[in-house]
Amino acid sequence: MPLVVPGIHTSLTGDEKTAWIDKLLGKTLTDTTSNEVSFAKKDLPAGHRVLKPDSMATRDYIEDRMNIHVDDEGTVRDVRFG
C-alpha cells in the first residue's frame, strides 16, 4: 500500500504524460530552439532528467519525474515517468 501524504499529489495526468511523449520522441534536445525536429531543454518541466546511453541514474521513484532517454546524437528515444 503506497504512503498517502495529505496535500501531495501527482501534478501530471496520464493525458499530460502522453502529450510530453508525443512532443519529444524523435526530436533532438537543444539548449534554445524548439521546432518540428528539435526541442529546447529550457521548455522541459522542472522535474526532468536527460539520460544518455550508459549514464548512471538513481533508482528512486518520483512519480512526476520525466526521464528522457537520448541516443549519442541527443535524439529522444524514450520518455518514462518515475
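The structure we're discussing is the one just above.
This write-up is about the structure you can find in this document. Small disclaimer: the values here were computed from a predicted structure and weren't measured.

**A word on the nonpolar core**
Item 1. One finds W20, L24, L29, F39, L44, M66, I68, V70, V76, V79 and F81 forming the largest nonpolar core, which totals 11 residues.
Item 2. Those elements that provide at least two residues to this core are helix 1 (14-24), strand 4 (66-70) and strand 5 (76-81).
Item 3. When residues no more than four places from it in sequence are discounted, the contact partners of I68 are L24, L29, L44, H48, R49, V50, L51, V76 and D78.

**With respect to the environment of K23**
Item 1. For K23, the position within the fold is in helix 1.
Item 2. Placed 16 residues apart in sequence, K23 and F39 show a C-alpha to C-alpha distance of 8.2 Å.

**Thoughts on the side chain of T75**
Item 1. If you trace the backbone, T75 turns up in the loop between strand 4 and strand 5.
Item 2. Here the side chain of T75 touches T28 through a polar contact of 3.4 Å, side chain to side chain.
Item 3. Once residues lying within four places of it in the same chain are set aside, the contact partners of T75 are G26, K27, T28, H69 and V70.

**What to know about the sheet that holds strand 4**
Item 1. Strands sit in the order 3-4-5 across an open sheet of 3 strands; the sheet is mixed. The open sheet has two edge strands, strand 3 (48-51) and strand 5, and neither has a second partner. Neighbour to neighbour, the strand axes of the sheet diverge by 20° on average, direction disregarded.
Item 2. Pairing of strand 3 with strand 4 involves 4 bridges; the strand directions are parallel.

The rules behind these values
- Residues numbered from 1 in each chain as written.
- Predicted model: local features only at pLDDT ≥ 70, side-chain atom pairs only at ≥ 80, totals over all residues.
- Heavy atoms only, no water.
- Core = buried A, V, L, I, M, F, W, Y, C linked by side-chain atoms within 4.5 Å.
- Buried < 20%, exposed > 50% of the residue type's maximum accessible area, 1.4 Å probe, protein only.
- Helix = DSSP H or I, 4+ residues; strand = E, 2+ residues; numbered from the N terminus.
- Contact = heavy atoms within 4.5 Å.
- Polar contact = N/O pair within 3.5 Å; in protein donor to acceptor, adjacent residues only side chain to side chain.
- Pairing = 2+ DSSP bridges.
- Axes fitted to C-alpha atoms, helices over the stretch in contact; angles between N-to-C directions.

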